[in-house]
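Chain by chain, the residues run as shown.
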Amino acid sequence: MKGICILGATGSIGVSTLDVVGRHPHLYKVIALTANTNIDALYEQCLEHHPDYAVVVDENKARIFKDKLQNSSIPDIQVLAGPQALEYVATLDTVDSVMAAIVGAAGLLPSLAAAKAGKIILLANKEALVMSGAIFMQAVTESGAQLLPIDSEHNAIFQCMPVGYIAGMQAKQARRILLTASGGPFREMPLDQMASVTPDQAVAHPNWDMGRKISVDSATMMNKGLEMIEACLLFNMQPDQIQVVIHLQSVIHSMVDYVDGTVLAQMGNPDMRIPIAHSLAWPERFDSGAEPLDIFAVRRMDFEEPSLERFPCLRLAYEAIAAGGIMPTVLNAANEIAVEAFLNENVRFTDIPIIIERCMKKFVVTEAGSLEIILETDQQARLVSRQIIEDLNN
Ligand SMILES: NC(=O)C1=CN([C@@H]2O[C@H](COP(=O)(O)OP(=O)(O)OC[C@H]3O[C@@H](n4cnc5c(N)ncnc54)[C@H](OP(=O)(O)O)[C@@H]3O)[C@@H](O)[C@H]2O)C=CC1
Ligand SMILES: CC(=O)[C@@H](O)[C@H](O)COP(=O)(O)O
Ligand SMILES: [Mn+2]
């Protein structure tokens, strides 16, 4: 039986992970569950899965949570508070696998700690990888950690790689990745209407039910930009080997094009329990709870090239990786701040790429040579982005 720690248990990926784990109680023991503030959801999860540890990052909420557990049927669960507790539970000896499902840069330190501790890392938190790049991949290689991609596209690519493939390796006969994208909710909206879209419209993804931040990223296609960088890192490829393809039905989750002309695709319903179950069972397979794909209901599959005019965030991601060094860290931080401001209705949807581009222009490319440099750059880019937002609003 494997011990699992779920970072970001109360989010969309966390909930799907517990759904899959709950179907295989003889294979997985839940060691730790973590939340930021949502103690009601965490409490229900603790009642059902009885972890050894529950982490609440917010200290005030952690106190309330601790009191609640002490007066419940599960007083023996240890409650820890604060961001350092995330690293503690991610590196426990009893933990074999860590689901990295915190959203954004907040997930970097615990995911990196798990990598350094040689855990099996189920990586959903793409921002952590994009912002830390080679540092993260090096930590995985040096410790002998096993990195399994959860992001549906990267999980699909991983499944299309040759037998024995390990993330980070160069797959010599694979010449190109076809990275599929839905195009989000505004794929066909007249461009002059995009400035006035609301957060609720932006998070209404056509095919997937996800957290709010990634849903906005899908609407701007920054999600695909982050995923392009994620693919370069996970599969040791150059940006010009990654072709983004809009595929409306989200049934093909990505493809690998081999030197002999063979193109392998992974297909399935748009249900994150599929890549989660794949990684939890790997190298075996087990039931995910997802419905079998009804190919007759799918009927057709459509493909389009994305427009960089409609989706400037995708262009910015290609520019960030071409610039290299700290620029992907800047891109990610500026995007997090811009998306948060949009969700709080402080800026318009069309301001998101403007904020990111202005922020990137404020930085000179230097080497992202250490974790300290990455964390410092992340903080600086957040400050710069907040200032840009203030200037936009004055
Ligand atoms: N949802 C999906 O289908 C997919 C998601 N991903 C990636 O997976 C990650 C998670 O996405 P998703 O599940 O949608 O996000 P959600 O917003 O649904 O969940 C985020 C989780 O992170 C926790 N969290 C938020 N901020 C902090 C913080 N500062 N410190 C510690 N924990 C924090 C939240 O806790 P609380 O609930 O207490 O706020 C919650 O558990 C993202 O990186 C996303 O890009 C990738 C592919 C698909
Ligand atoms: C489920 C998943 O992996 C998401 O990243 C999804 O791909 C988002 O859809 P888009 O293709 O619209 O970005
Ligand atoms: Mn994805």
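Everything below is about the structure printed above this text.
None of the values given here were measured: they were computed from a predicted structure. (Residues numbered from 1 in each chain as written. Chains lettered and ligands numbered in written order. Predicted model: local features only at pLDDT ≥ 70, side-chain atom pairs only at ≥ 80, totals over all residues. Heavy atoms only, no water.)

Next up on the list: empty space enclosed by the protein. Rolling a probe over the atoms, with the probe sized like a water molecule, indicates the empty space that remains. Considering all chains together, one arrives at one cavity of 30 Å³ or more under this definition. If you add up the space inside the largest cavity, you get close to 60 Å³. At the level of elements, helix H8 (152-160) and helix H12 (273-281) are the ones that each hand at least two residues to the lining of the largest cavity. The residue inventory of the lining of the largest cavity, partitioned by class, reads three nonpolar, six polar and one charged. (1 Å grid on protein atoms, 1.4 Å probe; cavity = no way out; pocket = protein on both sides within 12 Å on 5 of 7 lines; lining within 4 Å. Points joined across faces, edges and corners; volume = space filled by probe spheres on them. Helix = DSSP H or I, 4+ residues; strand = E, 2+ residues; numbered from the N terminus. Nonpolar A, V, L, I, M, F, W, Y, C, P; charged D, E, K, R; others polar.)

With that out of the way, let us pick up the environment of Cys5. In this fold, Cys5 is placed in strand S1 (residues 2-7). Here Cys5 falls in the buried class, since its relative accessible area comes to 0%. Remark: the alpha-carbon pair of Cys5 and Ile121, spanning 116 residues in sequence, is separated by 9.9 Å. (Buried < 20%, exposed > 50% of the residue type's maximum accessible area, 1.4 Å probe, protein only.)

It is worth spelling out the side chain of Lys126 at this point. Along the chain, Lys126 turns up in helix H6 (residues 126-132). When sequence neighbours within four positions are dropped, the list of residues in contact with Lys126 reads Asp151, Ile214, Asn223, Leu226, Glu227 and Glu230. (Contact = heavy atoms within 4.5 Å.)

What follows covers the coordination of the manganese ion (ligand 3). Distances from the manganese ion (ligand 3) to its protein donors, namely Asp151 (OD), Glu153 (OE) and Glu227 (OE), fall within the range 2.1 Å. Counting gaps between the donor residues of the manganese ion (ligand 3) yields the pattern D-x1-E-x73-E. With Glu153 in helix H8 and Glu227 in helix H11 (residues 222-235), this pair connects stretches of sequence that are 74 residues apart. A residue is classified by how much of its surface remains accessible, and Glu153, at 7% relative accessible area, is buried. When its relative accessible area of 1% is taken as the criterion, Glu227 is described as buried. (Donors = N, O, S within 2.8 Å, 3.2 Å for Na, K, Ca; no water.)

Moving on: the pairing of strand S3 (residues 53-56). Successive residues of a regular strand alternate their side chains across the two faces of the sheet. In S3, alternate side chains face the same way, and those of Tyr53 and Val55 on one face and Ala54 and Val56 on the other are all buried. As defined by bridge partners, strand S2 (residues 28-35) adjoins S3 across four bridges and the pair is classed as parallel. Residue Thr34 lies in a different strand from S3, and its bridge partner there is Val55. Crossover S2 to S3 through helix H2 (residues 39-49) is right-handed. Pairing analysis gives four bridges linking S3 to strand S4 (residues 78-81), with the strands arranged parallel. By the bridge assignment, Ala54 is partnered in S4 with Val79. The parallel pair S3 and S4 is bridged by helix H3 (residues 59-70), and the resulting crossover is right-handed. (Pairing = 2+ DSSP bridges. Right-handed = clockwise from strand over helix to strand, strands pointing away.)

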